Every structure is written in C-alpha cells, then in structure tokens.
Amino acid sequence: MKNIVLFGAPGAGKGTQASLLAEKYDLIHLSTGEMLRKEVAQDTPLGRRVKDIMLRGDLVGDDIVVNLIAKAIDTGRGTTMDEWDEIRLRRACGLADNEPLPEKPQPSIIYDGFPRTVQQCQMLEFIFRQKERKLDAVISIDVPQEELVRRIHERALVSNRSDDTEEVIRHRLEEYEDKTRPVLDYYKVSGRLISIDGSGEISETNGRLCKVMDALLERN
Ligand code: ADP
C-alpha cells in the first residue's frame with residue numbers, strides 16, 4: 001500500500017503525469033482539483049461554496065480539501081474513474097481481478113494537487129496515522145516559471161476551465177509561490193522529496209518519473 005504525492009506548480013503537468021502513472025502502476029489517482037471541479041459541475045452545496053474561490057484562483061480552505069481526501073481514501077474511488085471501477089481498485093490493492101474486495105480496501109494512491117499548504121501536510125499526517133498509512137515519497141516536477149506561464153496559456157486555448165484566464169492564471173501562480181512552495185521545504189527536511197526535471201515533453205518527464213517509481217516500487 002503506497003502513498004505517493006506528485007507535486008508541482010500550476011502547469012507543471014501533475015494531472016497528466018499522475019494519470020499516466022496511475023495507469024501504469026495500478027494506483028488510485030486522487031486529484032483535489034478534479035474533485036472540486038466535479039462538485040462545482042454537479043452544483044452541490046460544497047460546489048456552490050467553492051465556485052467563486054476557484055474562479056478567482058484562490059486556494060480552497062484546507063478543511064474542505066482534507067475532508068474530500070479523507071473520504072476518497074476510505075472509499076478508494078479515484079477521481080479519474082468514471083464509476084466504481086472495481087478492477088482498478090482491486091489492482092491498486094494488489095489483488096487479482098477475481099479476488100473479492102475487502103470491506104475496507106487499502107489501495108495504493110497517487111495524490112495530485114494535494115497537499116498544497118503546510119497546514120494540509122500536517123493534516124495529511126494526522127489522517128495517515130489514523131488510517132495506518134505512511135507517505136512513501138513526494139515527487140516534485142520542476143518547471144521554470146516562463147515555461148509554466150506558456151503552458152497554461154496554451155492549455156487555456158483548448159480547455160474549458162474557467163480559471164484559465166490571464167488574470168486568474170497570474171493569481172494562481174502567486175498563490176503557489178506564497179502558500180504552496182513552502183510545502184517543498186517541509187518535505188525536504190524530512191528527506192522524502194525527490195525532484196525531477198519537468199521542462200521537456202510529456203514523454204521525457206514520464207520517463208524520469210517512471211525511473212523514480214520503479215525504484216520506489218522496487219520494480220526493475
Ligand atoms: P492547477 O494545478 O493547474 O492550478 P488544479 O486542478 O490542481 O489546477 O486546481 C484547481 C483549483 O482548485 C485551484 O486553483 C484551487 O482553487 C483548487 N484546489 C485544488 N487543490 C487544492 C488544494 N489542495 N487546496 C486548496 N485548493 C485547491
């Protein structure tokens with residue numbers, strides 16, 4: 001049962017890379033951004049609370065995202081699974097396709113976009129203690145600022161994300177510098193941080209990540 005955090009600024013490619021890794025290594029993919037967008041799209045009470053915050057490019061409250069993550073860990077329902085994908089969950093638990101799922105599944109998980117504040121890191125530690133999990137690694141995808149801005153603008157042309165506008169993008173990057181970058185130092189101190197170069201093509205970054213994952217999962 002592994003717990004791997006994929007860390008990076010907006011535009012670093014966390015979402016894309018987390019999906020690829022989840023597919024290749026049979027992990028449950030939990031993206032707080034996707035979870036929140038789903039709440040907004042479904043116009044749930046929570047969605048209505050966070051909609052304007054996200055539109056401005058502000059971070060949503062720590063309690064909200066931590067709650068979403070805690071629930072998702074319990075159900076093992078990944079954000080990229082359209083419905084209850086039992087086969088994926090079974091594999092993420094290290095079970096064969098025909099083995100029954102235990103009542104409380106304990107899948108391996110990749111976290112994308114979480115934790116994003118030092119407070120969230122501390123809250124995650126608390127949750128892990130409760131759920132008898134441990135953080136195996138935090139992998140940071142490093143991309144220079146100019147390249148981040150270029151990519152988000154490029155994505156804005158094709159995405160229908162309402163937070164991909166000029167002003168909001170700038171604000172999301174500010175929020176990152178202010179509140180999220182300190183997360184790197186938090187994990188550096190505890191020796192769990194692995195940084196990789198994410199400035200190139202998707203496949204290049206994926207190759208680097210797979211090497212790290214192979215070592216973490218002791219696959220060669
Ligand atoms: P990106 O990394 O490109 O900014 P995400 O999909 O990860 O995109 O997040 C989109 C928005 O969702 C963020 O700008 C923020 O408002 C909210 N959000 C996502 N994850 C978190 C989190 N862990 N804490 C607070 N807010 C979050």
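Up top is the structure.
Residues numbered from 1 in each chain as written. Predicted model: local features only at pLDDT ≥ 70, side-chain atom pairs only at ≥ 80, totals over all residues. Heavy atoms only, no water.

Asks: Requested: an account of the overall build of the chain, with residues and values cited.
Replies: Scanning the chain for helices and strands turns up nine helices and five strands. For the chain, the sequential pattern of α-helices and β-strands runs β-α-β-α-α-α-α-β-α-β-α-α-β-α. Taking 220 residues into account, the globule formula puts the C-alpha radius of gyration at 17 Å, and the chain, at 17 Å, falls close to it. A principal-axis box enclosing the C-alpha atoms of the chain has dimensions of 50 × 40 × 35 Å. Summed over all atoms, the accessible surface of the chain reaches about 11600 Å², with 49% contributed by carbon and sulfur. One finds the centroid of the 33 positive side-chain charges in the chain at a distance of 2 Å from the centroid of its 39 negative side-chain charges. (Helix = DSSP H or I, 4+ residues; strand = E, 2+ residues; numbered from the N terminus. Rg over C-alpha atoms; globule rule 2.2 N^0.38 Å. Areas by Shrake-Rupley, 256 points an atom, 1.4 Å probe, with all protein chains shown as cover. Lys, Arg positive; Asp, Glu negative; His and termini not counted. Charge placed at Lys NZ, Arg CZ, Asp CG, Glu CD.)

Asks: Break down the pattern of salt bridges for me, citing the residues and quoting the values.
Replies: Tallied over the entire structure, the rule returns 17 salt bridges. A salt bridge links Glu23 to Arg88; the shortest N-O distance between them is 2.8 Å. Of the two residues, Glu23 is situated in helix 1 (residues 14-25) and Arg88 in helix 5 (residues 86-92); the sequence distance between them amounts to 65 residues. Members of the salt-bridge network, linked through shared partners, are Glu147, Arg150, Arg151 and Glu154. (Salt bridge = Lys/Arg side-chain N within 4 Å of Asp/Glu carboxyl O.)

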